[in-house]
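Summary of structural features
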Amino acid sequence: MAASDFSRLIAAAADTIAAHAEELTALDQAIGDGDHGLNMKRGFEAVRAEADAFAAKPLPEALKAVGTKLVMTVGGASGPLFGTLFMALGKDLPAAPDRNGLTVALGKAIEAVAARGKSQPGQKTMLDVLQPVYEALAQGRTATEIANAADKAAEATVPMKALRGRASFLGERSIGHMDAGARSTALLVRAVAETVEGI
C-alpha cells in the first residue's frame, strides 16, 4: 500500500469519527459514561496529526503505530481496545497483504481484543461488529457488502443485554440502545471499505 493511500485511510477514519462524535457521545450517554465520541475523536485527530510519519512506515509497522497512539490518546476502555485491534492487526498482517492475509490477521486481532476486554461476541461490544466483518471478509464479500454487514451488526446490538463494560451495570436497562463501541467500529469499517474501493 502506497503511503498516500494509508494517509487517505487515516483521513477517512478521522473524518468519520469527527462527523459522528456527537452521535457516539449520545449513544454512550444512554448506557455508558458519555465520553466515547469525544475520546474517539481526540484519538483519531492525534493519529491524523502524525499521518505522514505513520504512512512512511511499512503497513504492519504503521498499524502498530496507530494502535499505540490510540492507546495513549483515546482514554477510557476504548483506548486499549481499539489500540489492541490496530496493534494486533499490525503484528499479524503481511507487508503486502492479500485477502487471505488480511482475514487471518483480523481473526487474530479479534482474539486479542476479546482477551483484552475479557469478552466475546454476543455481549454487546465492538466484537459484535468485528466478528461479522471477519466472516464477510472470509466469505469473499465486496467492500460495500462488508460495510453493510458492519452496519447491520451494530444495529443488532440494540436488543442485546450488555454483559461487559459500564453498560453491563444497567442490566436489563441496557436493552434498547445501540452499543457505542459497536457503532464506532461500524463507522470505521465503512470508512476503510469505501476508501479501499477508491484505491
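Cut-offs and rules
- Residues numbered from 1 in each chain as written.
- Predicted model: local features only at pLDDT ≥ 70, side-chain atom pairs only at ≥ 80, totals over all residues.
- Heavy atoms only, no water.
- Helix = DSSP H or I, 4+ residues; strand = E, 2+ residues; numbered from the N terminus.
- Rg over C-alpha atoms; globule rule 2.2 N^0.38 Å.
- Buried < 20%, exposed > 50% of the residue type's maximum accessible area, 1.4 Å probe, protein only.
- Contact = heavy atoms within 4.5 Å.
- Areas by Shrake-Rupley, 256 points an atom, 1.4 Å probe, with all protein chains shown as cover.
- Lys, Arg positive; Asp, Glu negative; His and termini not counted.
- Charge placed at Lys NZ, Arg CZ, Asp CG, Glu CD.
- UniProt positions renumbered as here; feature names shortened; annotations may be inferred.
- Core = buried A, V, L, I, M, F, W, Y, C linked by side-chain atoms within 4.5 Å.
- Salt bridge = Lys/Arg side-chain N within 4 Å of Asp/Glu carboxyl O.
- Axes fitted to C-alpha atoms, helices over the stretch in contact; angles between N-to-C directions.
- Parallel < 35°, antiparallel > 145°, perpendicular 65-115°, else oblique.
- Nonpolar A, V, L, I, M, F, W, Y, C, P; charged D, E, K, R; others polar.

Take the overall build of the protein next. Summing up its helical and strand segments, the protein has 10 helices and 0 strands in all. Along the protein, helices and strands appear, N-terminal first, in the series α-α-α-α-α-α-α-α-α-α. Relative to the compact-globule value of 16 Å for 199 residues, the protein shows a C-alpha radius of gyration of 16 Å, a close match. For the protein, the residues scored as buried account for 49% of the 199 residues in total. Here the analysis covers contacts within the protein between residues at least 6 apart in sequence; of these, 67% occur between residues at least 24 apart. Here the protein has roughly 9200 Å² of accessible surface; of this, 55% comes from carbon and sulfur atoms. Seen as two clouds, the 21 positive and the 23 negative side-chain charges of the protein have centres 5 Å apart.

A few words now on unusual backbone geometry. Residues other than glycine seldom take positive phi values, yet lysine 118 does so here, at roughly 50°. Turning to its location among the elements, lysine 118 is positioned in the loop between helix H7 (99-117) and helix H8 (127-138). A relative accessible area of 64% places lysine 118 in the exposed class. In this model, lysine 124 sits at a positive phi of 65°, which is unusual for a non-glycine residue. Within the secondary structure, lysine 124 sits in the loop between H7 and H8.

For the rest of this paragraph, the subject is the UniProt feature "domain: DhaL" (unreviewed entry) in the protein. Here, the residues flagged by UniProt with the feature "domain: DhaL" (unreviewed entry) are residues 4-194. Secondary structure across residues 4-194 divides into 71% helix and 0% strand, with the first and last C-alpha atoms of the span separated by 16 Å.

On to the nonpolar core, then. Counting residues in hydrophobic clusters, the biggest one holds 52 residues, and the most contacted among them are Phe6, Phe44, Leu70 and Val129. Once you skip the residues sitting within four places of it in the chain, leucine 70 turns out to touch Gly43, Phe44, Val47, Gly75, Gly79, Phe82, Gly83 and Phe86.

Enumeration according to the criterion identifies 9 salt bridges in this entry. Ionic pairing is found between arginine 48 and aspartate 15, a salt bridge with its closest N-O pair at 2.8 Å. You can see arginine 48 sitting in helix H3 (residues 36-49) and its partner aspartate 15 sitting in helix H1 (residues 3-19), a full 33 residues away along the chain. The class for arginine 48 is partly exposed, based on a relative accessible area of 29%.

Another point: the packing of helix H5 (residues 59-73) against helix H6 (residues 78-92). Look at H5 against H6: their axes get within 7 Å of each other, and the N-to-C directions meet at 170°. Considering their axes alone, H5 and H6 lie roughly antiparallel with respect to each other. Along its contact with H5, which presents Pro60, Leu63, Lys64, Val66, Gly67, Thr68, Leu70 and Val71, the element H6 presents Gly79, Pro80, Phe82, Gly83, Phe86, Met87, Leu89, Gly90 and Lys91. In terms of residue class, the contact of H5 with H6 is built from 10 nonpolar, 5 polar and 2 charged.

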